[in-house]
Protein chains: 2
Amino acid sequence: MTSDKGLLIVLSGPSGVGKGTVRKEIFDDPATTFEYSISMTTRDRREGEVDGVDYFFKSKEEFERLIEEDKFIEHANYVGNYYGTPVDYVVETMEKGYDVFLEIEVEGAKQVREKFPEALFIFLAPPNLTQLEERLVGRGTDSPEVIKKRISEAKRELKLMNLYDYVVINDDVRAAKNRVQCIVEASHMKRARVESKLRKTLLEVNN
Amino acid sequence: MTSDKGLLIVLSGPSGVGKGTVRKEIFDDPATTFEYSISMTTRDRREGEVDGVDYFFKSKEEFERLIEEDKFIEHANYVGNYYGTPVDYVVETMEKGYDVFLEIEVEGAKQVREKFPEALFIFLAPPNLTQLEERLVGRGTDSPEVIKKRISEAKRELKLMNLYDYVVINDDVRAAKNRVQCIVEASHMKRARVESKLRKTLLEVNN
């Protein structure tokens, strides 16, 4: 990892944990220095969501064509819908030295880990499963059957925590936002990342 | 590393970089959650320093007796004076589950690393060497000969950066304080540290 290339930050976690809400809180904060990579999906647009802001909303046919063209870092079919991260934007932004932030499903995060093992993997966890269920019901977008399926998925996904570098508890959205920002800030101070640059600055000047 | 035991946080860096100033800023902040382990030294007390607060000030004879009794995690002789960290307080505090913070010289940090390789090693670096020299002169406590010696030591010490986990630039004392707090906070969110506890909470409740 060189200090010149941006970090790839992956926020994931079980369905209903509030990944989207935390992501919005992060990008509503002017102090946030990283770039958001907008995902692509075939799921229905929820109220308040904007195409090209929250997601790129695509038809199933368009999405499958892009899969064939190998245009995704990761993609998954989740509860009947596709979700994916277009590759070009991510690679180009990191090359320019900017950090890129992905908010993706757990299955997708596994794929990113294979391609970018040096990325920063953050698992967003609910304080408990009761709260997770309440969130899914309160959202009012899913039928009871879908909710039951999501809870069962969530339990399975919680077991995938061991693939992550950090775990952030989403007990409060602002606190969760601060924790994610802090993890990214700390990662920028990792010695392996800054050492060569710093030695040069410190030992060449005034020597 | 279990999640029940406190972290050992080691802040070190070259002479004159402002370790003591950053440490004071950290412990003046009521948000700081970790415990300060007061060092022992045989050097003269500087204006404003209090015995038992900034250091335990001891005579050379007393210090050497404690070395013989193996009462230090680390100790070093630096520019003619002894500096050391008494072992009992550190071990007991960590066992109770509290984080312990050491602000020590670079030679001492090397010794801590041998005994506590899992500790969190933070290197405080100057933005440049000119500023380091200015700080040493401005402090007004050292003769020109001692300053010259300290600068030469500092250059040698900067090369020891590779033994640390993180590097914090001390360009501003409050920013440096925030960075150290953030590194500690992020360390508490490391997956390896929280996973077993969290799995238990999440998967046993409401199962």
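Residues numbered from 1 in each chain as written. Chains lettered and ligands numbered in written order. Predicted model: local features only at pLDDT ≥ 70, side-chain atom pairs only at ≥ 80, totals over all residues. Heavy atoms only, no water.

Per an unreviewed UniProt entry, chain A goes by the name Guanylate kinase and belongs to Corticicoccus populi. Under Function (unreviewed entry), UniProt gives the following word-for-word description of chain A: "Essential for recycling GMP and indirectly, cGMP." Here chain A is described in UniProt, under the heading Sequence similarities (unreviewed entry), as follows: "Belongs to the guanylate kinase family." (UniProt positions renumbered as here; feature names shortened; annotations may be inferred.)

A. Quick peek at the packing of aromatic side chains. Residue and element names in this part refer to chain A. Enumeration according to the criterion identifies 24 aromatic pairs over all chains in this entry. Taking 6.3 Å as the distance between ring centres and 85 degrees as the angle between the ring planes, the aromatic pair formed by Phe121 and Tyr164 counts as edge-to-face. Linking Phe121 in strand β8 (residues 120-125) with Tyr164 in the loop between α6 (144-158) and β9 (166-169), this pair joins segments that are 43 residues apart in sequence. Here Phe121 matches Tyr164 in class, with each residue buried. Here the aromatic cluster, defined as three or more aromatic residues joined through ring pairs, consists of Phe27, Phe34, Tyr36 and Phe101. (Phe/Tyr/Trp six-rings, centres within 6.5 Å; stacked < 30°, edge-to-face > 60°. Helix = DSSP H or I, 4+ residues; strand = E, 2+ residues; numbered from the N terminus. Buried < 20%, exposed > 50% of the residue type's maximum accessible area, 1.4 Å probe, protein only.)

B. Structural detail: the sheet that holds strand β9 (residues 166-169) of chain B. Residue and element names in this part refer to chain B. With parallel pairing, the 5 strands of this open sheet are ordered in space as β2-β7-β1-β8-β9. Since the sheet does not close on itself, it has two edges, and those belong to β2 (35-36) and β9, each with one partner. Two strands pair when backbone bridges link them, and strand β1 (residues 8-12) and strand β8 (residues 120-125) are joined in this way by 4 bridges, in the parallel orientation. Within β8, the position partnered with Leu11 by the bridge is Ile122. (Pairing = 2+ DSSP bridges.)

C. Up close: the pattern of salt bridges. Residue and element names in this part refer to chain A. Tallied over the full model, the rule gives 23 salt bridges over all chains. The salt bridge involving Glu49 is made with Arg43; its shortest N-O contact spans 2.9 Å. Given a relative accessible area of 10%, Glu49 falls into the buried group. Notably, a salt bridge pairs Arg179 with Asp171, separated by 2.9 Å at the nearest N-O pair. Residues joined by salt bridges that share partners form a network here, namely Arg23, Lys24, Asp54 and Glu103. (Salt bridge = Lys/Arg side-chain N within 4 Å of Asp/Glu carboxyl O.)

D. Molecular detail of the packing of helix α1 (residues 19-28) of chain B against helix α7 (residues 173-188) of chain B. Residues and elements named next belong to chain B. Contact geometry for α1 and α7: axes closest at 9 Å, N-to-C directions at 70 degrees. The angle between α1 and α7 places the two elements in the roughly perpendicular class. In the packing of α1 onto α7, the handedness of the crossing is right-handed. Facing α1, whose interface residues are Thr21, Val22, Glu25 and Ile26, α7 presents Val173, Arg174, Ala176, Lys177, Val180 and Gln181. Along the lines of polarity and charge, the residues of the contact of α1 with α7 split into 5 nonpolar, 2 polar and 3 charged. (Axes fitted to C-alpha atoms, helices over the stretch in contact; angles between N-to-C directions. Parallel < 35°, antiparallel > 145°, perpendicular 65-115°, else oblique. Left-handed = near helix turned anticlockwise from the far one by under 90°. Contact = heavy atoms within 4.5 Å. Nonpolar A, V, L, I, M, F, W, Y, C, P; charged D, E, K, R; others polar.)

E. Spatial organisation of the packing of helix α5 (residues 129-139) of chain B against helix α6 (residues 144-158) of chain B. Residue and element names in this part refer to chain B. It is at 10 Å that the axes of α5 and α6 come closest, and there the two elements cross at 145 degrees. Viewed along their axes, α5 and α6 form a crossing whose handedness is right-handed. Residues Leu129, Leu132, Glu133, Leu136, Val137 and Arg139 of α5 form the contact with α6, whose own contacting residues are Ile147, Arg150, Ile151, Ala154, Lys155 and Leu158.

F. Expanded view of helix α7 (residues 173-188) of chain A. Residues and elements named next belong to chain A. Look at α7: 23 Å from first C-alpha to last across 16 residues, which is about the 22 Å you get at 1.5 Å a residue. Within the sequence span of α7, burial applies to Ala175, Ala176, Lys177, Arg179, Val180, Gln181, Cys182, Ile183, Val184, Ala186 and Ser187. Structurally, the start of α7 carries an N-cap: the backbone nitrogen of Arg174 is 3.2 Å from a side-chain oxygen of Asp172. (Expected span 1.5 Å × (residues − 1). Polar contact = N/O pair within 3.5 Å; in protein donor to acceptor, adjacent residues only side chain to side chain.)

G. Representation of α6 of chain A within the structure. All names here are of chain A. Spanning 15 residues, α6 covers 21 Å between terminal C-alpha atoms, matching the ideal 21 Å at 1.5 Å per step. Regarding α6, the residues found buried are Ile147, Arg150, Ile151, Ala154, Glu157 and Leu158. End-on view of α6: buried residues confined to an arc of 125 degrees, all on one side of the axis. Residues of α6 that are exposed and point over 90 degrees away from its buried face: Glu145 and Lys148. (Arc of directions from axis to C-beta.)

H. Quick look at the interface of chain B and chain A. Listed as interface residues are 36 residues of chain B and, on the opposing side, 36 residues of chain A. At the surface where chain B touches chain A, the tally comes to 0 salt bridges. Inspection of the region where chain B meets chain A yields 10 residue pairs in polar contact (both at pLDDT 80 or more). The set of elements that each furnish at least two residues to the side of chain B that touches chain A consists of α5, α6, β9, α7 and α8 (191-204) of chain B. The element best represented in the side of chain B that touches chain A is α8 of chain B, accounting for 8 residues. Residue composition of the side of chain B that touches chain A, grouped by class: 20 nonpolar, 6 polar and 10 charged.

I. Structural context of the relation of the copies chain B and chain A. With an axial shift of 0.0 Å and an RMSD of 0.0 Å, the rotation relating chain B to chain A amounts to 180 degrees. What the superposition gives is, in effect, a two-fold axis relating one chain to the other. Judged by C-alpha distance, Cys182 of chain B is the residue of chain B that lies nearest the rotation axis, at 2.7 Å. A shared binding surface is used by both copies, with 100% of the interface residues of chain B retained as interface residues in chain A. (Least-squares fit on C-alpha atoms with pLDDT ≥ 70 in both.)

J. A look at the nonpolar core. Membership of the largest hydrophobic core comes to 99 residues, with the highest contact counts inside it found for Leu8, Val10 and Val112 of chain A together with Leu8, Val10 and Val112 of chain B. When neighbours within four sequence positions are excluded, Leu8 of chain A is seen to be in contact with Val90, Met94, Val100, Leu102, Val112, Phe116, Ala119 and Leu120 of chain A. (Core = buried A, V, L, I, M, F, W, Y, C linked by side-chain atoms within 4.5 Å.)

K. Focus on unusual backbone geometry. Phi at Asp70 of chain A takes a positive value of approximately 60 degrees, unusual for a residue other than glycine. Tracing the backbone shows Asp70 of chain A in the loop between α2 (60-68) and β5 (72-78). One non-glycine residue, Val79 of chain B, lies in the positive phi region at around 45 degrees. With respect to the secondary-structure elements, Val79 of chain B resides in the loop between β5 (72-78) and β6 (81-86). Judged by relative accessible area, which is 27%, Val79 of chain B ranks as partly exposed.

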